[in-house]
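Commentary on secondary and tertiary structure
As a plain string of letters, each chain reads:
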Amino acid sequence: MLQQDLHIHTTYSTSDSAVVPEQTVALIAAVRHANIIGISDHFEYLMDGNFEGYEKELRQVGFKVGVEVDGHPWVDEAKNYDVDYYIYHCRDQNADYRSLDKLVTTGKPVIIAHPNAFQTNLKRVPSECLVEINNRYVWRTDWKQYYAPFTNQFKFVFGSDAHQPNWLSQTVAHYVAAQLSIEEHLVF
Ligand SMILES: [Zn+2]
Ligand SMILES: [Zn+2]
(Lines give C-alpha, C1' and ligand atoms only; values in the text may rest on other atoms or scores of the structure.)
(Ligands and ions follow the chains in the order given, each with its own letter.)
Protein backbone atom coordinates (compact mmCIF):
# COMPACT_ATOMS: atom_id res chain seq x y z
CA MET A 1 0.00 0.00 0.00
CA LEU A 2 1.20 3.51 -0.78
CA GLN A 3 1.61 6.00 2.04
CA GLN A 4 -0.25 8.84 0.39
CA ASP A 5 -1.99 9.87 -2.81
CA LEU A 6 -3.52 13.32 -2.94
CA HIS A 7 -3.86 13.73 -6.70
CA ILE A 8 -6.78 11.63 -7.87
CA HIS A 9 -9.67 12.45 -10.19
CA THR A 10 -13.14 10.96 -10.11
CA THR A 11 -16.36 11.18 -12.09
CA TYR A 12 -16.82 14.63 -10.52
CA SER A 13 -14.35 15.83 -13.17
CA THR A 14 -17.27 15.64 -15.56
CA SER A 15 -15.68 17.14 -18.67
CA ASP A 16 -12.27 15.48 -18.37
CA SER A 17 -12.28 12.93 -21.18
CA ALA A 18 -9.60 10.80 -19.49
CA VAL A 19 -11.94 9.96 -16.60
CA VAL A 20 -13.91 6.73 -17.05
CA PRO A 21 -17.38 6.14 -15.55
CA GLU A 22 -16.01 3.47 -13.20
CA GLN A 23 -13.65 6.00 -11.52
CA THR A 24 -16.04 6.66 -8.65
CA VAL A 25 -15.32 7.72 -5.08
CA ALA A 26 -16.87 4.42 -3.97
CA LEU A 27 -14.47 2.33 -6.05
CA ILE A 28 -11.42 4.27 -4.87
CA ALA A 29 -12.62 3.87 -1.29
CA ALA A 30 -13.04 0.13 -1.80
CA VAL A 31 -9.63 -0.36 -3.41
CA ARG A 32 -7.82 1.80 -0.81
CA HIS A 33 -4.49 1.89 -2.59
CA ALA A 34 -2.98 4.37 -0.12
CA ASN A 35 -3.07 5.08 3.61
CA ILE A 36 -3.89 8.73 3.11
CA ILE A 37 -6.15 9.46 0.16
CA GLY A 38 -7.19 12.85 -1.11
CA ILE A 39 -9.35 13.57 -4.14
CA SER A 40 -8.47 16.57 -6.28
CA ASP A 41 -11.05 17.01 -8.99
CA HIS A 42 -10.85 19.99 -11.32
CA PHE A 43 -12.23 23.00 -9.48
CA GLU A 44 -13.96 24.43 -12.55
CA TYR A 45 -16.27 21.39 -12.68
CA LEU A 46 -17.18 21.62 -9.00
CA MET A 47 -18.75 25.04 -9.05
CA ASP A 48 -22.44 25.55 -9.81
CA GLY A 49 -23.51 23.57 -6.76
CA ASN A 50 -21.46 20.40 -7.26
CA PHE A 51 -18.96 21.07 -4.49
CA GLU A 52 -21.29 20.34 -1.57
CA GLY A 53 -22.07 16.80 -2.75
CA TYR A 54 -18.41 16.24 -3.58
CA GLU A 55 -17.22 17.31 -0.14
CA LYS A 56 -19.88 15.26 1.62
CA GLU A 57 -19.11 12.08 -0.30
CA LEU A 58 -15.36 12.43 0.30
CA ARG A 59 -15.75 13.11 4.03
CA GLN A 60 -18.03 10.10 4.43
CA VAL A 61 -15.25 7.73 3.33
CA GLY A 62 -12.50 9.58 5.20
CA PHE A 63 -10.83 11.16 2.19
CA LYS A 64 -9.15 14.56 2.24
CA VAL A 65 -10.92 17.17 0.16
CA GLY A 66 -8.76 18.82 -2.49
CA VAL A 67 -9.30 20.65 -5.74
CA GLU A 68 -7.07 21.10 -8.76
CA VAL A 69 -7.01 24.80 -9.63
CA ASP A 70 -6.23 25.66 -13.24
CA GLY A 71 -4.09 28.74 -12.76
CA HIS A 72 -4.84 32.33 -11.85
CA PRO A 73 -8.38 32.71 -13.31
CA TRP A 74 -9.80 30.38 -10.66
CA VAL A 75 -7.86 31.33 -7.53
CA ASP A 76 -10.13 34.01 -6.06
CA GLU A 77 -13.15 31.74 -6.36
CA ALA A 78 -11.35 28.62 -5.12
CA LYS A 79 -10.36 30.42 -1.90
CA ASN A 80 -14.06 30.57 -0.95
CA TYR A 81 -14.36 26.80 -0.69
CA ASP A 82 -13.64 24.71 2.38
CA VAL A 83 -10.95 22.41 1.02
CA ASP A 84 -8.08 20.74 2.88
CA TYR A 85 -5.46 21.51 0.22
CA TYR A 86 -4.93 22.83 -3.26
CA ILE A 87 -3.30 21.31 -6.32
CA TYR A 88 -2.27 24.21 -8.52
CA HIS A 89 -1.54 24.52 -12.24
CA CYS A 90 1.26 27.09 -12.31
CA ARG A 91 2.16 27.88 -15.88
CA ASP A 92 5.24 29.98 -16.51
CA GLN A 93 3.45 33.34 -16.50
CA ASN A 94 3.41 36.25 -14.07
CA ALA A 95 -0.30 36.03 -13.32
CA ASP A 96 -0.01 32.42 -12.19
CA TYR A 97 2.90 33.16 -9.82
CA ARG A 98 1.05 36.18 -8.40
CA SER A 99 -2.11 34.16 -7.74
CA LEU A 100 -0.04 31.38 -6.21
CA ASP A 101 0.92 33.81 -3.43
CA LYS A 102 -2.78 34.26 -2.65
CA LEU A 103 -3.27 30.51 -2.27
CA VAL A 104 -0.23 30.28 0.02
CA THR A 105 -1.69 32.95 2.34
CA THR A 106 -4.65 30.64 3.05
CA GLY A 107 -2.22 28.57 5.14
CA LYS A 108 -3.45 25.38 3.48
CA PRO A 109 -1.04 23.03 1.71
CA VAL A 110 -0.45 24.04 -1.91
CA ILE A 111 0.94 21.36 -4.20
CA ILE A 112 2.45 22.51 -7.49
CA ALA A 113 0.99 20.08 -10.03
CA HIS A 114 3.28 18.32 -12.53
CA PRO A 115 5.53 21.42 -12.85
CA ASN A 116 7.82 19.77 -15.37
CA ALA A 117 4.88 19.39 -17.76
CA PHE A 118 4.15 23.14 -17.55
CA GLN A 119 7.76 24.29 -17.41
CA THR A 120 6.94 26.01 -14.13
CA ASN A 121 9.95 28.06 -13.03
CA LEU A 122 10.53 26.64 -9.55
CA LYS A 123 12.79 29.61 -8.76
CA ARG A 124 9.62 31.70 -8.68
CA VAL A 125 7.68 29.31 -6.45
CA PRO A 126 7.57 30.07 -2.68
CA SER A 127 9.41 27.47 -0.64
CA GLU A 128 6.27 26.84 1.46
CA CYS A 129 4.76 25.15 -1.58
CA LEU A 130 4.95 21.42 -2.02
CA VAL A 131 6.23 20.22 -5.37
CA GLU A 132 4.67 17.24 -7.05
CA ILE A 133 6.37 14.27 -8.65
CA ASN A 134 3.46 13.28 -10.87
CA ASN A 135 3.28 9.67 -12.00
CA ARG A 136 1.38 10.59 -15.16
CA TYR A 137 3.71 13.28 -16.46
CA VAL A 138 7.09 13.12 -14.73
CA TRP A 139 8.69 10.64 -17.15
CA ARG A 140 7.73 12.63 -20.24
CA THR A 141 10.46 15.23 -19.82
CA ASP A 142 14.06 15.30 -18.62
CA TRP A 143 12.99 15.07 -14.97
CA LYS A 144 16.51 14.78 -13.63
CA GLN A 145 17.62 18.03 -15.16
CA TYR A 146 14.39 19.73 -14.13
CA TYR A 147 14.12 18.67 -10.48
CA ALA A 148 17.75 18.14 -9.42
CA PRO A 149 18.55 21.84 -8.70
CA PHE A 150 15.63 22.05 -6.25
CA THR A 151 15.85 18.87 -4.20
CA ASN A 152 17.02 20.75 -1.09
CA GLN A 153 14.65 23.66 -1.51
CA PHE A 154 11.23 22.01 -1.44
CA LYS A 155 9.29 19.21 0.12
CA PHE A 156 7.95 16.80 -2.49
CA VAL A 157 4.63 15.01 -2.84
CA PHE A 158 4.03 12.02 -5.13
CA GLY A 159 0.72 11.89 -6.99
CA SER A 160 -0.85 9.29 -9.24
CA ASP A 161 -3.07 11.81 -11.05
CA ALA A 162 -5.33 8.79 -11.54
CA HIS A 163 -8.24 9.25 -13.94
CA GLN A 164 -8.99 5.54 -14.24
CA PRO A 165 -8.91 2.67 -11.72
CA ASN A 166 -5.85 1.01 -13.24
CA TRP A 167 -3.85 4.20 -12.68
CA LEU A 168 -4.16 3.43 -8.95
CA SER A 169 -1.49 0.78 -9.55
CA GLN A 170 -1.93 -2.98 -9.31
CA THR A 171 -3.96 -2.60 -6.14
CA VAL A 172 -7.16 -2.96 -8.20
CA ALA A 173 -6.17 -6.53 -9.07
CA HIS A 174 -5.32 -7.19 -5.41
CA TYR A 175 -8.70 -5.78 -4.37
CA VAL A 176 -10.53 -8.08 -6.79
CA ALA A 177 -8.52 -11.06 -5.59
CA ALA A 178 -9.41 -10.29 -1.98
CA GLN A 179 -13.10 -10.06 -2.88
CA LEU A 180 -12.87 -13.46 -4.58
CA SER A 181 -10.81 -14.94 -1.73
CA ILE A 182 -8.03 -15.94 -4.07
CA GLU A 183 -4.29 -15.57 -3.68
CA GLU A 184 -1.89 -14.78 -6.45
CA HIS A 185 0.11 -17.75 -7.70
CA LEU A 186 3.77 -16.83 -7.91
CA VAL A 187 5.13 -18.49 -11.03
CA PHE A 188 8.80 -18.22 -10.13
ZN1 LIG B 1 -3.20 18.82 -13.83
ZN1 LIG C 1 -4.93 16.24 -12.14
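Above this text is the structure in question.
Residues numbered from 1 in each chain as written. Chains lettered and ligands numbered in written order. Predicted model: local features only at pLDDT ≥ 70, side-chain atom pairs only at ≥ 80, totals over all residues. Heavy atoms only, no water.

With that out of the way, let us pick up helix α4 (residues 94-104). Along α4, the residues classified as buried are D96, Y97, S99, L100, L103 and V104. All buried residues of α4 lie within an arc of 165° about the axis, which places them on one face of the element. If you follow the buried residues of α4, they end up packed against α3 (75-78), β4 (85-88) and β5 (110-112). (Buried < 20%, exposed > 50% of the residue type's maximum accessible area, 1.4 Å probe, protein only. Helix = DSSP H or I, 4+ residues; strand = E, 2+ residues; numbered from the N terminus. Arc of directions from axis to C-beta. Contact = heavy atoms within 4.5 Å.)

This part is about the sheet that holds strand β6 (residues 130-134). If you trace the seven strands from one edge of the open sheet to the other, you get β1-β2-β3-β4-β5-β6-β7, paired in parallel fashion. Of all strands in the sheet, those bounded by a partner on one side alone are β1 (2-5) and β7 (155-159). The average angle at which neighbouring strand axes cross in this sheet is 30°, direction not considered. Taken together, the five bridges between strand β2 (residues 34-42) and strand β3 (residues 64-69) define a ladder with parallel strand orientation. Bridging from a neighbouring strand, S40 pairs with G66 of β3. Packing of helix α2 (residues 51-60) onto the sheet brings it into contact with β2 and β3, and relative to β3 it is tilted by some 140°. Packed onto the sheet, α4 meets β4 and β5 and runs at close to 170° relative to β4. (Pairing = 2+ DSSP bridges. Axes fitted to C-alpha atoms, helices over the stretch in contact; angles between N-to-C directions.)

Protein-derived ligands of the zinc ion (ligand 2) are H7 (NE2), H9 (NE2), E68 (OE) and D161 (OD), with the metal-ligand distances lying across 2.1 to 2.4 Å. For the zinc ion (ligand 2), the four donor atoms are set out with angles of 76 to 171° between them, so the coordination reads as irregular. Separating the zinc ion (ligand 2) from the zinc ion (ligand 1) is a gap of 3.5 Å, which E68 spans by donating to each of them. Highlighted residues: H9 in the loop between β1 and α1 (25-31) and D161 in the loop between β7 and α7 (171-179), separated in sequence by 152 residues. Exposure remark for H9: the relative accessible area of 0% places this residue in the buried category. (Donors = N, O, S within 2.8 Å, 3.2 Å for Na, K, Ca; no water. Tetrahedral: all angles 85-135°; square planar, octahedral: opposite > 155°, others 65-115°.)

The next thing to look at is the coordination of the zinc ion (ligand 1). Coordination sphere of the zinc ion (ligand 1), protein contribution only: E68 (OE), H89 (NE2) and H114 (NE2), at 2.1 to 2.2 Å. Each donor residue of the zinc ion (ligand 1) belongs to the same chain, with the gaps between them written as E-x20-H-x24-H. For H114, a relative accessible area of 4% corresponds to the buried category.

Moving on, we come to the nonpolar core. Nonpolar side chains tend to gather and get buried jointly when the protein is soluble and globular. Of all hydrophobic cores here, the largest spans 42 residues; its most connected members are Y54, V67, Y88, L100 and V110. Ranked by residue count, the leading element in this core is α4, at four residues. What L100 contacts, discounting residues up to four positions off in sequence, is Y88, C90, V110, I112, V125, P126 and C129. Counting six residues, the second largest nonpolar core, distinct from the first, contains Y85, I87, I111 and A113. (Core = buried A, V, L, I, M, F, W, Y, C linked by side-chain atoms within 4.5 Å.)

So, about the environment of G62. Position of G62 relative to the elements: it lies in the loop between α2 and β3. Separated by 52 residues in sequence, G62 and H114 place their C-alpha atoms 25 Å apart.

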